[in-house]
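In case you want the letters, here they are:
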Amino acid sequence: MSNLGIQKTRQSSHLLKSGERVVFRSLETKDKERLLAFLGSFSTETKNKFGLNVGEYITCPEMLHMVLVNQASDIIGYIILSLKLRDSQMVRYKEYEITVVEGRDICIALVIADRYQGKGAGSILLTESVKVAKSLGAKYIILWQGTQLINIPAICLYEKFGFTRNGEFEKYGHQNIDMTLIL
């Protein structure tokens, strides 16, 4: 997966369902304040569903941080694509008899700004992320610690893209489901 650095230059323009033009691109150093504003703008419900401490992972070299920005350059969507897999994921996927390989397969965590949920932003992030994963030679895309069972819109989005349900588990007091996309 030597072309991880090349992916950091990926950029593409898209239209949301509303016709609004957005750009999918790498998170850049200049985005720091916009990322903080984006992460701080979530409703309590979105915060509870996302729950990832981005600051802990922002400088990790095994991760790509991609954003979806509107015409005002505001971040409206964010996705982490990680080549590093967590031990707990490796254990669960072994139980599912799915051989995920650290350094080959991709683990994703995505979040959409509240006011852009249901408007096609998640589909754009997933479409572009699948392209990135394929270009890196990934066989599987898995969800970062799954998704909460109560997050029906997310589960429906993942299933629309061909993710399959693997199993349920409890994490941080929530019932979650692991889902996998075979590339």
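Further up the page is the structure itself.
Since this is a predicted model, take the numbers as computed values, not measurements.

Caption draft 1: Highlighting the pattern of salt bridges. Per the counting criterion, the structure on display carries 8 salt bridges. Measuring nitrogen to oxygen at the nearest pair gives 2.6 Å for the salt bridge that ties D178 to R92. Of the two residues, D178 is situated in strand β9 (residues 174-182) and R92 in helix α4 (residues 87-95); the sequence distance between them amounts to 86 residues. This pair shows no difference in class: D178 is buried, exactly as R92 is. Here E128 makes a salt bridge to K131, at a shortest N to O gap of 3.1 Å. Of this pair, E128 and K131 both sit in helix α5 (residues 121-135), 3 residues apart, roughly one helical turn. Given the relative accessible area of 2%, E128 is considered buried. A single network of salt bridges, built from pairs that share partners, joins R25, E28, K30 and D31.

Caption draft 2: Examining the environment of L149 more closely. Within the fold, L149 resides in the loop between β7 (147-148) and α6 (152-160). L149 sits 115 residues away from R34 along the chain, and the two C-alpha atoms are 30 Å apart. Aside from chain neighbours lying at most four places away, what touches L149 is I155, E168, Q175, N176 and I177.

Caption draft 3: Representation of α4 in the model. Here α4 has its buried residues at Q89, R92 and Y93. On an axial view of α4, the arc spanned by its buried residues comes to 95°, and they lie on one face. Those residues of α4 that are exposed and aimed more than 90 degrees away from the buried face are D87, K94 and E95. Those residues of α4 hidden inside the fold are in contact with β5 (106-112), β6 (140-143), β8 (164-171) and β9. Of the residues flanking the end of α4, it is E97, one or two places downstream, whose phi is positive at about 60°.

Caption draft 4: Structural view of unusual backbone geometry. Despite not being glycine, S73 has its phi angle at roughly 70°, a positive value. Assignment of secondary structure puts S73 in the loop between β3 (63-69) and β4 (75-82). A relative accessible area of 30% means that S73 is categorised as partly exposed. Although it is not a glycine, E97 sits at a positive phi angle of roughly 60°.

Caption draft 5: Just the environment of E170, in detail. Along the polypeptide, E170 turns up in strand β8. Judged by its relative accessible area of 57%, E170 falls in the exposed class. Sequence separation between E170 and E95 is 75 residues; the distance between their C-alpha atoms is 15 Å. With residues up to four places along the chain from it excluded, the contact list for E170 reads Q175 and N176.

Caption draft 6: Focus on α5. Given a rise of 1.5 Å per residue, 15 residues ought to cover 21 Å, and the 21 Å separating the end C-alpha atoms of α5 matches this to within 8%. With 11 of 15 residues buried, α5 is to be regarded as a mostly interior element. Every buried residue belonging to α5 is among A121, G122, S123, I124, L125, L126, E128, S129, V130, V132 and A133, and all of these are buried. Phi for G137, located one or two positions after α5, is positive at around 85°.

Caption draft 7: Geometry of the nonpolar core. By size, the foremost hydrophobic cluster in this structure holds 60 residues, and its most contacted members are Y78, I106, I108, Y158 and F163. Not counting the four nearest positions on each side in its chain, I106 is found in contact with L81, S82, L83, A133, L136, A138, Y140, I141 and I142.

Caption draft 8: Focus on the side chain of D105. Tracing the chain through its elements places D105 in the loop between α4 and β5. On the basis of relative accessible area, D105 is assigned to the buried category, the value being 1%. At 2.7 Å, the side chain of D105 forms a polar contact with the backbone nitrogen of V101. Among the polar contacts listed, one links the side chain of D105 to the side chain of R104, at a separation of 2.7 Å.

So, how was this worked out
- Residues numbered from 1 in each chain as written.
- Predicted model: local features only at pLDDT ≥ 70, side-chain atom pairs only at ≥ 80, totals over all residues.
- Heavy atoms only, no water.
- Salt bridge = Lys/Arg side-chain N within 4 Å of Asp/Glu carboxyl O.
- Helix = DSSP H or I, 4+ residues; strand = E, 2+ residues; numbered from the N terminus.
- Buried < 20%, exposed > 50% of the residue type's maximum accessible area, 1.4 Å probe, protein only.
- Contact = heavy atoms within 4.5 Å.
- Arc of directions from axis to C-beta.
- Expected span 1.5 Å × (residues − 1).
- Core = buried A, V, L, I, M, F, W, Y, C linked by side-chain atoms within 4.5 Å.
- Polar contact = N/O pair within 3.5 Å; in protein donor to acceptor, adjacent residues only side chain to side chain.

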